[in-house]
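Understanding the architecture of this molecule
Residue-level listing of the chains:
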Amino acid sequence: MSEELFIQGNEACAKGAIRAGCRFFAGYPITPSTEVAETLARELPKVGGSFVQMEDEIASAGAIIGGSWGGTKSMTATSGPGLSLMQENIGYAFITETPIVVVDVQRGSPSTGQPTMAAQGDMMQARWGSHGDYEPIALSPSSVQEFFDFTVKAFNLAEEYRVPVFVMADEVVGHMREKIVIDDDIEIVPRKMPESKEDFLPFKNIENGTNPMPSFGQGFNIHVTGLTHDERGYPDTNNPDTHDALVQRLCDKVLNNTDKICSVKSKYCDDADTIIISYGAPVRSVIEAARKARAEGNKVGYIKLDTPWPFPEKQVLDLAADASNIVVVEMNLGQMYYEVNRVLRRDANVHLVGKIGGLMPTPDEILSKINKLGGK
Amino acid sequence: MSDGNKFTPYMRKDRLPHIFCPGCGNGTIMSAFLKAMEKAEMDFENIAMVSGIGCSSRIPGYMDCDSLHTTHGRALSFATGLKTANKDLDVVVFTGDGDCASIGGNHLIHAARRNINLTVICINNNIYGMTGGQISPTSPKGSYGTTAPYGNQDNPFNLAELVAAAGATYSARWTTIQIESLVMAIKDGLKNPGFSFIEVVTQCPTYYGRKNKLRTPTAMAVTLKMNTVFKDAASRMRQKDLEGKIVVGEFANTQKAEFTENIERISEEKFGKKTLINSAYEEEL
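Because the structure is a prediction, the values reported are computed rather than measured.

**A closer look at the overall build of chain A**
- Along the backbone of chain A there are 13 helices and 15 strands.
- Here chain A has a C-alpha radius of gyration of 21 Å; the compact-globule value for 376 residues is 21 Å, and the two agree.
- If one aligns the C-alpha atoms of chain A with their principal axes, the spans along those axes are about 65 × 45 × 45 Å.
- Evaluated residue by residue, chain A yields a buried proportion of 63% over its 376 residues.
- A sequence separation of at least 24 residues applies to 77% of the contacts in chain A between residues at least 6 apart.
- Within the structure as shown, chain A displays about 13,700 Å² of accessible surface, and the carbon and sulfur contribution to it stands at 48%.
- Across chain A, the 36 positively charged side chains and the 51 negatively charged ones have centroids separated by 4 Å.

**A few points about the packing of helix H1 (residues 9-20) of chain A against helix H6 (residues 144-161) of chain A**
All names here are of chain A.
- The contact between H1 and H6 brings their axes to 8 Å, and the two run at 30°. As judged from the angle between their axes, H1 and H6 are roughly parallel. The chirality of how H1 crosses H6 is right-handed. Of H6, the residues touching H1 (which contributes Gly 9, Asn 10, Ala 12, Cys 13, Lys 15, Gly 16, Ala 17, Arg 19 and Ala 20) are Val 144, Phe 147, Phe 148, Thr 151, Val 152 and Phe 155.

**Some remarks on the nonpolar core**
- With 126 residues, the main nonpolar core has Met 75 and Ile 326 of chain A together with Phe 195 of chain B as its most contacted residues.
- The element contributing the most residues to this core is H6 of chain A, with ten residues.
- Composition of this core by domain shows at least three residues from each of domain 1 (3-182) and domain 2 (264-372) of chain A.
- Counting residues in hydrophobic clusters, the runner-up holds 38 residues, among them Met 49, Tyr 170, Leu 182 and Ala 185 of chain B.

**Side note on the packing of aromatic side chains**
- Scanning the entire structure with this criterion turns up eleven aromatic pairs over all chains.
- Seen in terms of ring centroids, Tyr 337 of chain A and Tyr 338 of chain A are 5.8 Å apart; in terms of plane orientation they differ by 70°. Their pairing is edge-to-face.
- Accessibility expressed as a relative area gives 55% for Tyr 338 of chain A, which makes it exposed.
- Sitting over the face of the ring of Tyr 281 of chain B, Arg 191 of chain A holds its NZ or CZ atom 5.9 Å from the ring centroid.

**Brief notes about the domain arrangement of chain A**
Residue and element names in this part refer to chain A.
- By the assigned domains, chain A splits into domain 1 (3-182) and domain 2 (264-372).
- For domain 1 and domain 2, the distance between their C-alpha centroids amounts to 26 Å.
- At the interface, 26 residues of domain 1 touch 24 residues of domain 2.
- In total, domain 1 and domain 2 occlude about 1,900 Å² of area from one another, counting both sides; carbon and sulfur atoms represent 56% of this.
- Of the charged contacts in the structure, one is a salt bridge between Glu 146 and Lys 265, with a shortest N-O distance of 3.5 Å.
- Our count for the domain 1 to domain 2 interface comes out at 17 residue pairs in polar contact (both at pLDDT 80 or more).
- When contributions to the side of domain 1 that touches domain 2 are tallied by element, the ones reaching two or more residues are strand S6 (114-118), helix H5 (123-128), strand S7 (137-139), H6 and helix H7 (171-175).
- For the side of domain 1 that touches domain 2, the element with the most residues is H5, which contributes four residues.
- A breakdown of the residues in the side of domain 1 that touches domain 2 according to their chemical character gives 15 nonpolar, six polar and five charged.

**Description of the pattern of salt bridges**
All names here are of chain A.
- A complete count under the given rule lists 31 salt bridges over all chains for this structure.
- The salt bridge partner of Arg 127 is Glu 135, with a shortest N-O separation of 3.2 Å. Summarising the burial analysis for this pair, Arg 127 and Glu 135 share the class buried.
- Linking Glu 146 and Lys 304 is a salt bridge whose minimum nitrogen-to-oxygen distance equals 2.9 Å. Of this pair, Glu 146 sits in helix H6 while Lys 304 sits in strand S13 (residues 300-305); the two residues are 158 residues apart in sequence, bridging distant segments of the chain. Accessibility classification places Glu 146 together with Lys 304 in one group, the buried group.

**Points about a negative patch on the surface**
All names here are of chain A.
- There is a patch of like negative charges on the surface, built from Glu 3, Asp 149, Asp 183, Asp 184 and Asp 185.
- Following the sequence through the fold, Glu 3 ends up in strand S1 (residues 3-8).
- For Glu 3, a relative accessible area of 42% corresponds to the partly exposed category.

**Some details on the layout of surface pockets**
All names here are of chain B.
- In this structure, the largest pocket occupies an estimated 980 Å³ of space.
- Contributing to the lining of the largest pocket are 36 residues, with Pro 156, Leu 242, Gly 244, Lys 245 and Ile 246 lying nearest its centre.
- Per element, the largest residue contribution to the lining of the largest pocket is four residues, and it comes from helix H8 (residues 217-227).
- Across the lining of the largest pocket, the residue classes tally to 14 nonpolar, 14 polar and eight charged.

**Digging into the interface of chain B and chain A**
- Facing the 46 residues of chain B at the interface are 52 residues of chain A.
- A combined buried area of about 4,100 Å² lies between chain B and chain A, and 56% of that area is made up of carbon and sulfur atoms.
- Along the contact surface separating chain B from chain A lie two salt bridges.
- Glu 55 of chain A serves as the salt-bridge partner of Arg 114 of chain B, at 2.6 Å between the closest nitrogen and oxygen.

**With respect to empty space enclosed by the protein**
Residues and elements named next belong to chain A.
- Taken as a whole and assessed by the stated rule, the structure comprises one cavity of 30 Å³ or more.
- Taken together, the elements giving at least two residues each to the lining of the largest cavity come down to strand S2 (22-27) and helix H2 (34-43).
- In terms of residue class, the lining of the largest cavity is built from six nonpolar, three polar and no charged.

**A look at the environment of Arg 232 of chain A**
- When you line up the elements, Arg 232 of chain A lands in the loop between strand S10 (223-225) and helix H8 (240-255).
- Each C-alpha atom of the pair Arg 232 of chain A and Glu 159 of chain A lies 20 Å from the other, and the pair is 73 residues apart in sequence.
- Among all residues touching Arg 232 of chain A, those that are not within four sequence positions of it are Leu 201, Pro 202, Phe 203 and His 223 of chain A together with Asp 14 of chain B.

About the cut-offs
Residues numbered from 1 in each chain as written. Chains lettered and ligands numbered in written order. Predicted model: local features only at pLDDT ≥ 70, side-chain atom pairs only at ≥ 80, totals over all residues. Heavy atoms only, no water. Helix = DSSP H or I, 4+ residues; strand = E, 2+ residues; numbered from the N terminus. Rg over C-alpha atoms; globule rule 2.2 N^0.38 Å. Buried < 20%, exposed > 50% of the residue type's maximum accessible area, 1.4 Å probe, protein only. Contact = heavy atoms within 4.5 Å. Areas by Shrake-Rupley, 256 points an atom, 1.4 Å probe, with all protein chains shown as cover. Lys, Arg positive; Asp, Glu negative; His and termini not counted. Charge placed at Lys NZ, Arg CZ, Asp CG, Glu CD. Axes fitted to C-alpha atoms, helices over the stretch in contact; angles between N-to-C directions. Parallel < 35°, antiparallel > 145°, perpendicular 65-115°, else oblique. Left-handed = near helix turned anticlockwise from the far one by under 90°. Core = buried A, V, L, I, M, F, W, Y, C linked by side-chain atoms within 4.5 Å. Domains from an automatic or database assignment. Phe/Tyr/Trp six-rings, centres within 6.5 Å; stacked < 30°, edge-to-face > 60°. Lys NZ or Arg CZ within 6 Å of the ring centre and 35° of its normal. Buried area = accessible area lost by both parts, 1.4 Å probe. Salt bridge = Lys/Arg side-chain N within 4 Å of Asp/Glu carboxyl O. Polar contact = N/O pair within 3.5 Å; in protein donor to acceptor, adjacent residues only side chain to side chain. Nonpolar A, V, L, I, M, F, W, Y, C, P; charged D, E, K, R; others polar. Patch = residues over 30% accessible without salt bridge, like charges linked within 9 Å, V, L, I, M, F, W, Y side chains within 5 Å. 1 Å grid on protein atoms, 1.4 Å probe; cavity = no way out; pocket = protein on both sides within 12 Å on 5 of 7 lines; lining within 4 Å. Points joined across faces, edges and corners; volume = space filled by probe spheres on them.

Here it is, written out as structure tokens:
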């Protein structure tokens with residue numbers, strides 16, 4: 001028996017978190033993400049979980065990392081200003097390989113910007129916001145259903161690869177109400193406890209990169225530090241080889257698995273001369289624009305990036321191999337545009353429909369850009 | 001290296017020797033902690049330690065227990081998450097004056113306000129040691145540091161009183177000179193089922209001493225001893241006579257509902273649910 005609900009995006013996110021096994025949420029009120037916290041404050045006590053309103057977003061990120069080492073799947077939700085505050089601890093989660101989920105319901109920015117208006121201005125913040133080299137995973141939902149699905153997927157990926165995972169939503173998807181269907185047989189990835197305490201190396205440079213993760217209090221007596229550490233977890237900050245092996249493994253465990261992590265959806269790409277690339281809420285307009293273009297006989301297709309990070313380079317290259325024009329549609333002045341341009345500029349002209357101000361780009365705005373390119 | 005002493009079994013021997021300077025108070029405080037833990041009849045196996053950044057925050061790295069060495073100032077927020085996720089753990093936080101009173105000041109007062117069951121040992125050496133001797137929020141007025149070459153003009157925080165005012169159910173201050181009192185205070189803090197804060201004023205001969213004409217550990221120890229005033233005596237002294245003095249004693253010792261107990265009580269009373277522990281490992285919840 002599946003369940004059908006008519007709910008708001010932020011509520012769907014909270015429900016997805018609970019379904020994925022999240023039993024600890026720490027957060028700080030911020031528009032337009034607050035309903036995620038409010039829903040979890042109401043729901044977590046019903047399922048043996050804990051909700052904490054922290055004193056700020058720095059503390060929220062710290063608390064969920066602590067919660068994760070305490071053996072509980074943990075999440076926070078915020079918007080751009082809060083994500084900025086969380087960045088140092090997000091870097092800590094990367095180097096300590098702590099599974100956490102960070103939901104960002106993006107709003108107009110920079111700074112306090114437009115709290116109640118939609119934007120996608122944090123995409124590069126998700127990619128590069130903390131200092132140092134790391135490979136983030138980010139999912140961008142385009143519907144309320146996807147906000148639920150991608151939150152579940154974010155927890156699964158966080159556990160699978162022991163990394164922080166971002167759900168990069170936006171105010172449109174966060175606040176719209178749609179029908180969603182919750183299936184009974186959703187795949188949930190549980191954490192793996194190491195088998196033996198004898199000679200256990202918590203940060204071993206193993207082939208596939210991801211070690212099982214003990215929780216505190218199980219007798220493993222491990223040391224977890226944000227300093228560059230050896231395979232035992234002990235600080236070893238002056239040895240170039242230790243740092244190289246550690247950071248390379250942290251990046252490789254994501255980069256070597258992009259086939260499994262990256263996801264796109266596409267339509268009409270086979271014979272398309274013009275391909276629209278988008279993610280999040282604007283995909284809704286993109287689908288309509290492509291449909292209209294096809295109805296008029298123009299060879300227009302689209303690619304929807306489910307996972308902006310790691311950038312689905314291989315999938316995009318395959319799908320766009322024969323296109324001569326690429327149009328990136330996003331609610332910023334060009335962020336994923338740079339990534340698309342890096343990947344496709346040798347074979348196609350890459351253009352931008354970048355809309356800021358808080359409103360979605362309309363199908364007609366996208367079509368008018370395509371028409372200017374020659375309409376094909 | 002010798003075979004060690006009765007506390008050696010609690011140490012990560014493969015991490016020794018430690019990084020602390022000769023004459024540093026951290027060793028004295030580690031030993032006071034372990035004595036207090038035995039006196040409180042705590043199960044060492046059940047202790048998890050959390051720390052921030054700084055000399056004091058390196059202590060958990062030498063203890064053979066689960067330890068989380070976090071970002072600068074944020075130890076208490078990580079500890080809040082850890083304790084909330086698994087309230088069966090005895091969570092001990094090692095921090096310093098720069099770590100918990102400057103960059104982490106907000107987390108300190110909020111953790112105290114929540115009365116979450118953590119035992120916080122704040123090693124107050126009045127200076128930033130790890131970065132080389134800059135003044136801290138507890139540096140006495142007029143003291144010297146590399147960032148106060150003409151003498152510190154700022155007023156220091158009174159941490160034990162600040163934390164008591166913020167709502168901690170146990171708060172005390174001692175120095176590395178009153179070892180027995182310090183041990184008893186840590187013991188009381190460990191046994192207190194709420195937020196416990198033990199400020200230990202200690203010597204940093206390497207940086208504080210060098211900058212303030214107290215180069216030897218002995219000179220620093222003598223100064224600490226001479227500046228100490230017991231709380232009862234201090235209450236009879238005039239404010240201006242207390243300037244530069246270290247008032248020692250208990251500043252809070254009371255009982256209030258504890259944070260994680262409150263969370264579980266709501267789950268149990270309203271929904272008949274106990275707070276789950278280690279649920280991340282379950283496929284079905």
